[in-house]
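These are the residues of each chain, in order.
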Amino acid sequence: MSDTEPVFIGFGEQPSGRYPNRPFMGDLVRVGAAAVKDADLTMGEIDTILLIPCLHSPADQADLVFSRVVEELGLNKKVKAQYMVHSGGSTSDNTIRTAAGLIESGQAKNVLVLQAEKWGSAPVKEMIDMLTANGIPREWEKQSGVSFNAVGALIQQRYMHESGSTPADMASVCVALRDWANLNPNAMYKDKKLTVEQVLGSKMVTDPIRAFECPMLADGACALVLTSRGNARKLGKDRVVRIAGEGGCVSHYSIGQEREVGKLGWEIAGPAAYEAAGWGPEDADIAEIYDSYAAVLTSGIEGLGLAPKGEAARMFARGEFSPGGRLPTNTNGGLLSAGHTGVGGGTALLTEGVRQLLGRAGPERQVEGATRAVCGGSGGTYMDSQVLLLEGVSA
Amino acid sequence: MSSSNDIGMDALTEPYREALRRGEFVVQHCKACNRDIMYPRHLCPFCYEDDLSFTPGATTGILHSFAVHRVGSPSGFEDQLPYAVGIIKLEGDVQFLARLWPDAEGDWGQYELDGEVVFRAADADEMAERPVPWFGLPA
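Scope of this entry: the structure provided in the associated data block. (Residues numbered from 1 in each chain as written. Chains lettered and ligands numbered in written order. Predicted model: local features only at pLDDT ≥ 70, side-chain atom pairs only at ≥ 80, totals over all residues. Heavy atoms only, no water.)

### A word on the overall build of chain B
Line of reasoning, step 1. Within chain B, the regular secondary structure consists of two helices and eight strands.
Line of reasoning, step 2. Each helix (α) and strand (β) of chain B, taken in turn from the N terminus, gives the series α-β-β-β-β-β-β-β-α-β.
Line of reasoning, step 3. Seen through its C-alpha atoms, chain B measures out along the principal axes to roughly 45 × 35 × 25 Å.
Line of reasoning, step 4. Taking all 139 residues of chain B together, the buried fraction comes to 47%.
Line of reasoning, step 5. For chain B, restricting intrachain contacts to residue pairs at least 6 apart in sequence, the fraction spanning at least 24 positions comes to 48%.
Line of reasoning, step 6. Of the accessible surface of chain B, which amounts to about 6,700 Å², a share of 48% is contributed by carbon and sulfur atoms.
Line of reasoning, step 7. Side-chain charges of chain B comprise 11 positive and 23 negative groups, with the mean position of each set lying 2 Å from the other. (Helix = DSSP H or I, 4+ residues; strand = E, 2+ residues; numbered from the N terminus. Buried < 20%, exposed > 50% of the residue type's maximum accessible area, 1.4 Å probe, protein only. Contact = heavy atoms within 4.5 Å. Areas by Shrake-Rupley, 256 points an atom, 1.4 Å probe, with all protein chains shown as cover. Lys, Arg positive; Asp, Glu negative; His and termini not counted. Charge placed at Lys NZ, Arg CZ, Asp CG, Glu CD.)

Quick look at the structure:
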């Protein structure tokens, strides 16, 4: 592999959950400093900062756009460029594509990717209304009253119809993610157990989705550092994570315009990524795929070839994606149990993929010998299906 | 629901909403390539001409998926609970979100995916407040 190949060399993360005493900018600089240190770089060596947006506050979002982070990190006149990439829940995938292109082309040397969100501490009703107002054509379809939970419900209803999955099968997806979250000290639900009976016993919110099948809005922050492979070697890095392949599909804006609500764009996104990687879904050691509702995850698993069509939920029920299962999936607990940190939910999954491939997920949750990860993100009303295939390699 | 985001939209939205207030359902049609379009666009998304007008939509469609709101709704829909929304597919290759009338049991348990649904207008007041097509089970 060439010296210019982009690789992940460090990460940082703050626990997800409700942390009203943790300010937004404080989370950003802490997680950024942690990631740079983890990469064995000094802050002054970062020449490009890519920002993942926040959704809790237009004012904080404006701070991000207008380079407050650069100033807070003491990088005035040191950083070449700082800007935001935004595609909702798939932002992390598109940000990594951007970072990779900058490094490969020589336009950036060391890239710091930063994300923080305060969804867990912001007024819930305001956040839900904001989510509902966006991603739905306001002139034509907002008047139907479709809510954000209903978008997940439309996907789940169709997925269950096509696959014959039962409510218990779908509940088992949430339970598997909770089992993973119980192993993750940074997860919102690190201490709380969940059973299929509890899920099925919770109140129906938006048929067919019950209360315990809805993601909880959370505060959280992640950072990633990328550089070139040649530079990683110079830094004395032993193990790094490379991007073996990538693919994507923007399938719709409005969920009302998605032709196959039970499938989304995954089948279109996957093949190019696997072809570039030279390996297939059967070779994956772990999967980290967007999961704000159970069927969003099962459609991703199936569309990316990690389960036969229609079988993913039943395989969850058999424990195949749980700790100790055949294909460890969403090993941080996912959005459903680590916490829905807005745009950051996808970033947290990607960070977990990098952490696992660096062999640093801790004794309880590290998947032994994990070298190949299938990572997937989706934004808005699951408007796109983005896949990054990551590989842990020696520098 | 007017805001700076809606500037200049009236020419496009009003004929559609006006039809709903009359109890009729129309879809956009491109005369240049003879295709139906939903939701209405500024240029035809197939041929990029702007020879667009509204035409009566098919009143029978297929239910692709649906969701029933029981707890929680966007602001302004609290008094509508419970209510259902569905994705309706029509002949002519158009689809859109619609409200679903309750079934004979007063719930939505009789709806089936890929089953037939028919347009049945809500009253003019409802259409004035929330202009969106309503579909129900065939009589």
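### Quick word on the side chain of A:Asp93
Residue and element names in this part refer to chain A.
Line of reasoning, step 1. For Asp93, the location among the structural elements is in helix α4 (residues 91–104).
Line of reasoning, step 2. Salt bridges are absent for the buried Asp93, whose nearest opposite-charge side chain, Arg97, sits at 7.0 Å.
Line of reasoning, step 3. Not counting chain neighbours up to four residues away, the residues in contact with Asp93 comprise Gly376, Gly377, Gln386 and Leu388. (Salt bridge = Lys/Arg side-chain N within 4 Å of Asp/Glu carboxyl O.)

### Observations concerning the packing of aromatic side chains
Line of reasoning, step 1. By the definition in use, this model includes 14 aromatic pairs over all chains.
Line of reasoning, step 2. Geometrically, the ring pair formed by B:Phe66 and B:Tyr111 is tilted, given 5.9 Å between the ring centres and 45 degrees between the ring planes. Of this pair, B:Phe66 sits in strand β4 (residues 60–69) while B:Tyr111 sits in the loop between β6 (94–100) and β7 (116–119), placing them 45 residues apart in sequence.
Line of reasoning, step 3. Take B:Phe66: its relative accessible area is 7%, and that puts it in the buried class.
Line of reasoning, step 4. For the pair B:Phe96 and B:Phe135, a centre-to-centre distance of 5.8 Å together with 50 degrees between the ring planes defines the contact as tilted. With B:Phe96 in strand β6 and B:Phe135 in strand β8 (residues 134–136), this pair connects stretches of sequence that are 39 residues apart.
Line of reasoning, step 5. For B:Phe96, a relative accessible area of 2% translates into the label buried.
Line of reasoning, step 6. Given a relative accessible area of 0%, B:Phe135 falls into the buried group.
Line of reasoning, step 7. Across from the ring centre of A:Tyr19, 4.2 Å away, lies the NZ or CZ of A:Arg22, which sits over that ring. (Phe/Tyr/Trp six-rings, centres within 6.5 Å; stacked < 30°, edge-to-face > 60°. Lys NZ or Arg CZ within 6 Å of the ring centre and 35° of its normal.)

### Some points on unusual backbone geometry
Line of reasoning, step 1. Cis peptide bonds are those with omega within 30 degrees of zero, and the linkage from A:Asp207 to A:Pro208 qualifies with 5 degrees.
Line of reasoning, step 2. Relative to the elements of secondary structure, A:Pro208 occurs in the loop between β5 (204–207) and β6 (209–210).
Line of reasoning, step 3. Each neighbour pair has its own omega, and for B:Met38 with B:Tyr39 the value is -10 degrees, a cis peptide bond.
Line of reasoning, step 4. Following the sequence through the fold, B:Tyr39 ends up in the loop between β2 (35–37) and β3 (52–56).
Line of reasoning, step 5. In this structure, B:Asn34 takes a positive phi of about 60 degrees despite not being glycine.
Line of reasoning, step 6. Its location among the elements puts B:Asn34 in the loop between β1 (26–30) and β2.

### With respect to the packing of helix α7 (residues 167–181) of chain A against helix α11 (residues 294–303) of chain A
Any two packed helices are characterised by the angle at which their axes cross and by the distance between the axes.
Residues and elements named next belong to chain A.
Line of reasoning, step 1. Where α7 meets α11, the closest approach of the two axes is 9 Å, and the angle between their N-to-C directions is 90 degrees. As summarised for this structure, α7 and α11 are arranged roughly perpendicular, according to the angle between their axes. Contacts between α7 and α11 involve Met170, Val173 and Leu177 from the former and Ala294, Ala295, Leu297 and Thr298 from the latter.
Line of reasoning, step 2. Here the contact of α7 with α11 is composed, by residue class, of six nonpolar, one polar and no charged. (Axes fitted to C-alpha atoms, helices over the stretch in contact; angles between N-to-C directions. Parallel < 35°, antiparallel > 145°, perpendicular 65-115°, else oblique. Nonpolar A, V, L, I, M, F, W, Y, C, P; charged D, E, K, R; others polar.)

### Some points on the interface of chain A and chain B
Line of reasoning, step 1. Counting residues at the interface gives 34 residues for chain A and 40 residues for chain B.
Line of reasoning, step 2. On the chain A side of the interface with chain B, the three residues burying the most area are A:Trp140, A:Gln143 and A:Arg259, jointly 25% of the side's total.
Line of reasoning, step 3. Between chain A and chain B we count four salt bridges in total.
Line of reasoning, step 4. Two residues, A:Arg259 and B:Asp93, come together in a salt bridge whose shortest N-O distance is 2.6 Å.
Line of reasoning, step 5. Looking at the side of chain A that touches chain B, the elements that each hand over two or more residues are α5 (124–133), α6 (148–163) and β5 of chain A.
Line of reasoning, step 6. For the side of chain A that touches chain B, the element with the highest residue contribution is α6(A), accounting for six residues.
Line of reasoning, step 7. Note: β5(A) against β4(B), two bridges, orientation antiparallel. (Buried area = accessible area lost by both parts, 1.4 Å probe. Pairing = 2+ DSSP bridges.)

### What about the sheet that holds strand β10 (residues 372–377) of chain A?
Residues and elements named next belong to chain A.
Line of reasoning, step 1. Strand order in the open sheet made by the nine strands is β3-β2-β4-β7-β1-β8-β11-β10-β9, with mixed pairing throughout. Taken across any chain shown, the strands that pair with only one partner, and hence form the sheet edges, are β3 (81–84) and β9 (286–289). When strand polarity is set aside, the average angle formed by the axes of neighbouring strands in this sheet is 25 degrees.
Line of reasoning, step 2. Sheet analysis places strand β1 (residues 6–17) next to strand β7 (residues 219–228), joined by nine bridges and oriented antiparallel. Residue pairing for β7: Val7 is matched across the bridge by Thr227.
Line of reasoning, step 3. Of the strands in this sheet, β2 (48–51) and β3 are in contact with helix α2 (residues 58–65), which crosses β3 at around 150 degrees.

### Let's talk about the sheet that holds β3(B)
Residue and element names in this part refer to chain B.
Line of reasoning, step 1. Sheet architecture is open: three strands sit in the order β2-β1-β3, paired in antiparallel fashion. The sheet is open, and its two borders are formed by β2 and β3, each paired with just one other strand. Between one strand and the next, the sheet's axes are offset by a mean angle of 45 degrees, whatever the strand orientation.
Line of reasoning, step 2. Along the sheet, helix α1 (residues 10–21) contacts β1 and β3; its crossing angle with β1, the most-contacted strand, is approximately 140 degrees.

### Some remarks on the nonpolar core
Residue and element names in this part refer to chain A.
Line of reasoning, step 1. One finds Ile289, Ile301, Leu306, Val374, Tyr382 and Leu389 to be the most contacted residues of the largest nonpolar core, which totals 70 residues.
Line of reasoning, step 2. The dominant element in this core, judged by the number of residues it contributes, is α6, at eight residues.
Line of reasoning, step 3. Setting aside residues no more than four positions away along its own chain, Leu306 makes contact with Tyr274, Pro281, Ala284, Ala287, Ile289, Ile301, Met315, Phe321, Arg326, Leu327 and Val374. (Core = buried A, V, L, I, M, F, W, Y, C linked by side-chain atoms within 4.5 Å.)

### Structural notes on α2(A)
Residue and element names in this part refer to chain A.
Line of reasoning, step 1. Considered for burial, the residues of α2 that qualify are Asp60, Gln61 and Leu64. The buried residues of α2 occupy an angular sector of 105 degrees when the element is viewed end-on, so they sit on one face. Away from the buried face of α2 by more than 90 degrees, exposed residues Pro58 and Ala59 are located.
Line of reasoning, step 2. Phi turns positive one or two residues past the end of α2, at Ser67, with a value near 70 degrees. (Arc of directions from axis to C-beta.)

### A few points about the environment of B:Ile7
Residue and element names in this part refer to chain B.
Line of reasoning, step 1. Inspection of the secondary structure assignment puts Ile7 in the segment before α1.
Line of reasoning, step 2. Judged by its relative accessible area of 69%, Ile7 is exposed.
Line of reasoning, step 3. When the C-alpha atoms of Ile7 and Val68 are compared, they prove to be 32 Å apart, with 61 residues separating the residues in sequence.

Remember, this is a structural readout, not a statement about activity or role.
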